[in-house]
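Next come the chains, spelled out residue by residue.
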Amino acid sequence: MLDYGIEVLWVLIIASLGLSAVALVFSISHRRHIPAAASTPGEDVISEAARTVLREFEKNGHSADAALITWSPDTLRKILAEDLPETQVIVVSNREPYIHNVNDDGVELLVPASGLVSALEPITRACAGTWIAYGGGTADRLTVDENDRVEVPPGNPSYTLRRVWLTEEEYQAYYLGFANEGLWPLCHIAFTRPIFRASDWEAYEAVNRKFADTVVAEARNERPIVLVQDYHFALLPRMIRERLPEAIVITFWHIPWPNSEVYSICPWRERILEGLLGSSIIGFHTQFHANNFTESVDRFLESRIERADAAISYGGQTTLVHAYPISIEWPAELLARLPAVEECRARVRERFGLPANVKLCVGVERLDYTKGILDRFHALDELFTRYPEWVGKVVFLQVAAPSRGTLPAYQQLHDECLRYAEELNQRYGTNDYSPLLMVAEHHSQEQVYEIYRAADICMVTSLHDGMNLVAKEFVAARDDEQGVLLLSTFAGASRELLEALIVNPYDTAMTSEALLQALTMTPEEQRQRMRPMREMVRDNNVYRWAGSMLLDAARLRKRGDLDRVTGNGERPSNNNVISMFERTRKAVS
Ligand SMILES: O=P(O)(O)OC[C@H]1O[C@@H](O)[C@H](O)[C@@H](O)[C@@H]1O
């Protein structure tokens with residue numbers, strides 16, 4: 001029996017050595033094969049820039065991880081120069097990247113608290129594009145030229161900001177009404193009832209048309225790439241398509257897309273889908289939301305859906321529906337301007353009057369009911385109830401930038417948060433100690449990064465979120481590899497930052513236990529968790545997000561141009577797009 005066992009063991013050892021050798025030969029030949037991937041059958045229109053990227057991957061050390069850090073502003077410029085020559089990049093968003101406001105001393109410049117802005121700003125800079133946005137600042141009109149344009153960033157201009165003016169009525173109905181009382185709660189599962197008013201819908205349509213007029217006015221030729229951002233502009237892609245049929249329209253939906261049953265309650269559900277399907281590409285943060293969108297189209301429109309190709313054909317237009325997880329600038333430019341972690345700790349502790357030696361836990365976001373701020377306060381309360389020894393030893397600092405403050409749902413949240421903070425401080429605080437600091441004020445990016453660097457724990461426990469860039473920013477800010485991230489399972493970021501403490505924010509007991517785990521985590525475990533999260537954000541930075549969409553756009557354009565000259569023959573489906581980005585990834589992994 002024993003002899004027989006030893007024979008089996010030998011057979012297993014020899015077989016596994018054989019398999020390893022085969023795997024090694026395969027991996028070497030696969031790696032050697034990388035440049036050839038650009039010329040395999042069917043790849044004839046692969047981009048020059050993709051070839052260059054692949055060659056650089058090889059040169060830079062053969063590993064996909066090392067290679068991916070080459071995504072930089074230069075990569076974007078290279079893609080544009082080689083694959084999309086002479087192509088103007090136009091970004092459209094509601095929120096502008098720089099707001100000029102009147103204050104007592106004249107004009108002050110404000111960078112809004114918006115994940116969308118922090119992601120798109122470095123991209124627009126790299127592409128030297130044109131950014132079209134609503135001019136909402138009280139001094140915005142004073143700073144533009146006769147064409148409503150201003151060169152930004154101030155002091156070091158590299159792109160044009162074109163402001164669009166809205167009347168007070170338009171702003172109320174399109175932005176506060178349809179976008180933020182209708183679509184925002186519809187798409188987020190936060191159990192706030194969406195409100196749909198016909199007058200808001202009409203304003204939404206009119207404002208989308210106003211932006212379409214501006215896109216056409218700003219386009220230098222018939223073939224720009226237009227990057228349409230978010231739920232404020234669902235109708236815009238088709239309006240652009242009708243007037244600039246050769247434009248590439250890439251629409252990115254930054255918030256979740258609900259399942260088709262939830263979506264069905266929207267009275268204009270077909271119109272919204274039709275509008276979006278004017279895009280060449282529609283991007284979501286996660287495959288899950290891309291799938292939800294496709295299901296909604298399947299249920300409400302007569303269309304042709306090629307699931308294997310992630311493509312939808314509707315009204316003579318084929319749209320690629322794809323997941324492109326958004327990210328942040330890496331390395332974060334402003335990090336170089338900040339002092340060491342210890343200095344940040346000292347500054348923040350002094351600014352907020354924190355007692356020595358307390359652990360600092362932070363939350364940073366817009367004051368929004370999707371962010372789970374009250375649930376977080378409940379978790380702190382629960383921690384003190386279960387583990388009273390922590391009273392006096394931890395302070396929770398909630399930074400909440402005011403947002404959509406005239407809407408009743410936001411006013412109610414603001415009041416409830418302040419009430420809860422006051423009550424909790426009365427119950428657990430002393431003259432020198434307030435366990436919960438609620439600061440409902442705007443903070444600059446520098447101040448926010450300083451807070452990240454000072455924190456022992458960062459809680460990103462949103463009830464629902466497309467991605468959530470605060471989680472990635474916290475990780476990027478911690479070059480000391482310390483600090484613990486508590487992350488909601490309902491934020492897209494939890495699909496990528498797997499070493500965070502992942503919680504269900506509705507489960508107060510679970511969140512408070514995770515808080516305890518974070519408070520007692522050793523520096524070594526913090527490092528073990530933080531390091532891979534930093535690598536993840538580094539390798540999947542915002543240039544990779546934008547670059548992958550541009551590579552897909554280049555491929556679509558080249559195919560369109562070829563089809564125009566030669567016809568599309570027997571192509572099995574209308575589109576048959578496999579994301580260029582995915583193929584690039586496969587080739588290097
Ligand atoms: O209404 P605001 O302040 O411009 O904020 C809008 C943005 O809010 C962010 O939280 C969302 O992630 C974006 O998708 C959205 O565009």
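Conventions we followed
- Chains are numbered independently. Their residues run from 1 in the order of the written sequence.
- The predicted nature of this model means local features are confined to residues of pLDDT at least 70 and side-chain atom pairs, given and counted, to a pLDDT of 80 or more, with totals for whole chains, interfaces and linings taken over all residues.
- Remark: hydrogens and water are excluded; side-chain values derive from all non-hydrogen atoms of the structure.
- UniProt positions are given in the numbering used here, feature names are shortened, and annotations may be inferred rather than shown by experiment.
- Take the buried Ala, Val, Leu, Ile, Met, Phe, Trp, Tyr and Cys residues and link them wherever side-chain atoms come within 4.5 Å; each set so joined is a nonpolar core.
- Here the term buried applies to any residue with accessible area under 20% of the maximum for its type, exposed to any over 50%, and partly exposed to those in between, with areas from a 1.4 Å probe on protein chains only.
- Residue ranges for the domains originate in an automatic or database domain assignment.
- Any two residues whose heavy atoms approach within 4.5 Å at even a single point are treated as in contact.
- To be near a molecule or strand, a residue needs just one of its heavy atoms within 4 Å of it.
- Polar contact criterion, stated in full: a pair of N or O atoms within 3.5 Å, where within protein one must be able to donate a hydrogen and the other to accept it, and residues adjacent in sequence count only if both atoms are side-chain atoms.
- In this description, accessible areas are obtained by the Shrake-Rupley approach with a 1.4 Å probe, and a residue is regarded as covered only by the protein chains that are shown.
- Stacked, edge-to-face and tilted are the three classes for Phe, Tyr and Trp ring pairs, Trp counted by its six-membered ring, which pair at centre distances within 6.5 Å; planes under 30 degrees apart are stacked, over 60 edge-to-face, the rest tilted.
- We count a charge as sitting over a ring when the NZ of a lysine or the CZ of an arginine lies within 6 Å of the ring centre and within 35 degrees of the ring normal.
- The convention used is that axes are lines fitted to C-alpha atoms, helices contributing only their stretch in contact, and that angles between N-to-C directions extend from 0 to 180 degrees.
- By definition, any uninterrupted DSSP run of H or I lasting at least four residues is a helix, any uninterrupted run of E lasting at least two residues is a strand, and each is numbered from the N terminus.
- Orientation labels follow simple angle bins: below 35 degrees gives roughly parallel, above 145 gives roughly antiparallel, 65 to 115 gives roughly perpendicular, and whatever is left gives oblique.
- In this scheme the handedness of a crossing depends on how the near helix is turned from the far one: anticlockwise by less than a right angle means left-handed, clockwise means right-handed.
- For a crossover, the right-handed case is the one in which the path from the first strand over the helix to the second runs clockwise, viewed with the strands pointing away from the viewer.
- Think of it this way: DSSP has to see at least two bridges between two strands before they count as a pair.
- pLDDT is a residue-level measure of predictor confidence that goes from 0 to 100.

- Under an unreviewed UniProt entry, the chain has the name Trehalose-6-phosphate synthase and belongs to Mesorhizobium wenxiniae.
- As its UniProt record puts it under Sequence similarities (unreviewed entry), the chain is described as follows: "Belongs to the glycosyltransferase 20 family."

1. Concerning the nonpolar core
As a rule of thumb, nonpolar side chains are buried together in soluble globular proteins.
Thinking step 1. Ranked by internal contacts, the top residues of the largest apolar core, which has 179 residues, are Phe211, Trp253, Ile272, Phe293 and Leu485.
Thinking step 2. Residue-level mapping places this core at the junction of two domains, with at least three residues from each of domain 1 (63-327 + 543-560) and domain 2 (333-538).
Thinking step 3. In this structure, tryptophan 253 is in contact with Leu183, Cys187, Asp230, Tyr231, Ala234, Leu276, Gly283, Phe284 and His285, ignoring residues within four places of it in sequence.

2. With respect to the site of the ligand
Thinking step 1. In the vicinity of the ligand, the contacting residues are Arg95, Leu116, Tyr175, Trp184, Asp230, His232, His254, Ile255, Arg366 and Arg404.
Thinking step 2. Side-chain polar atom of arginine 366 to an oxygen atom of the ligand: 3.0 Å apart, as the coordinates give it.
Thinking step 3. At 3.0 Å from an oxygen atom of the ligand is found a side-chain nitrogen or oxygen belonging to arginine 404.
Thinking step 4. When the ligand is considered free in solution it has 390 Å² of accessible area, and contact with the protein chains removes 90% of it.

3. Some points on the packing of aromatic side chains
Thinking step 1. Taken as a whole and judged by the stated rule, the model has 29 aromatic pairs.
Thinking step 2. With a centroid separation of 5.5 Å and 40° between ring planes, the pair formed by phenylalanine 284 and phenylalanine 293 is classed as tilted.
Thinking step 3. Note on phenylalanine 293: relative accessible area 0%, which makes it buried.
Thinking step 4. Taken together, the ring pairs connect Tyr174, Phe178, Phe196, Trp201, Tyr204, Phe211, Phe233 and Trp268 into an aromatic cluster.
Thinking step 5. Geometry around tryptophan 165 places arginine 141 over its ring, the cationic atom sitting 4.3 Å from the centre.
Thinking step 6. The ring centre of tryptophan 184 lies 4.2 Å from the NZ or CZ of arginine 404, which sits over that ring.

4. What about the packing of helix α4 (residues 73-83) against helix α5 (residues 115-127)?
When two helices pack together, their arrangement is given by the angle between their axes and by how far apart the axes lie.
Thinking step 1. Between α4 and α5, the least distance of the axes is 9 Å, while the angle of their chain directions is 50°. By the angle between their axes, α4 is oblique relative to α5. The way α4 lies across α5 gives a crossing that is right-handed. Contact with α4, carried on its side by Pro73, Leu76, Arg77 and Leu80, involves Ile123, Ala126 and Cys127 of α5 and no other residues of that element.

5. Description of the environment of tyrosine 175
Thinking step 1. If you trace the backbone, tyrosine 175 turns up in helix α7 (residues 168-187).
Thinking step 2. Given a relative accessible area of 4%, tyrosine 175 falls into the buried group.
Thinking step 3. Sequence separation between tyrosine 175 and arginine 404 is 229 residues; the distance between their C-alpha atoms is 9.2 Å.
Thinking step 4. Filtering out sequence-adjacent residues up to four positions away, tyrosine 175 remains in contact with Asn94, Arg95, Glu170, Asn180, His232 and Arg404.
Thinking step 5. Polar contacts involving the side chain of tyrosine 175 include one to the side chain of arginine 95, which spans 3.1 Å.

6. Some words on the pairing of strand β14 (residues 394-401)
Thinking step 1. Counting buried positions along β14 gives eight out of eight residues, so the element sits mostly inside the fold.
Thinking step 2. Both faces of β14 are covered, namely the face carrying Val394, Phe396, Gln398 and Ala400 and the face carrying Val395, Leu397, Val399 and Ala401.
Thinking step 3. On the question of chirality, the crossover connecting strand β13 (residues 359-366) to the parallel β14 by way of helix α14 (residues 373-386) is right-handed.
Thinking step 4. With four bridges connecting them, β14 and strand β15 (residues 436-439) associate as parallel partners. Across the sheet, leucine 397 pairs through a bridge with leucine 437, a residue of β15.

7. A few points about the confidence of the model for the chain
Thinking step 1. For the chain, the mean per-residue pLDDT works out to 88, and 85% of the residues sit at or above 70.
Thinking step 2. Ignoring residues within four places in sequence, the model shows residues 11-47, a span with pLDDT below 50, making 31 contacts including any to other chains.
Thinking step 3. Scored by ipTM, the complex comes to 0.98, with pTM at 0.87.

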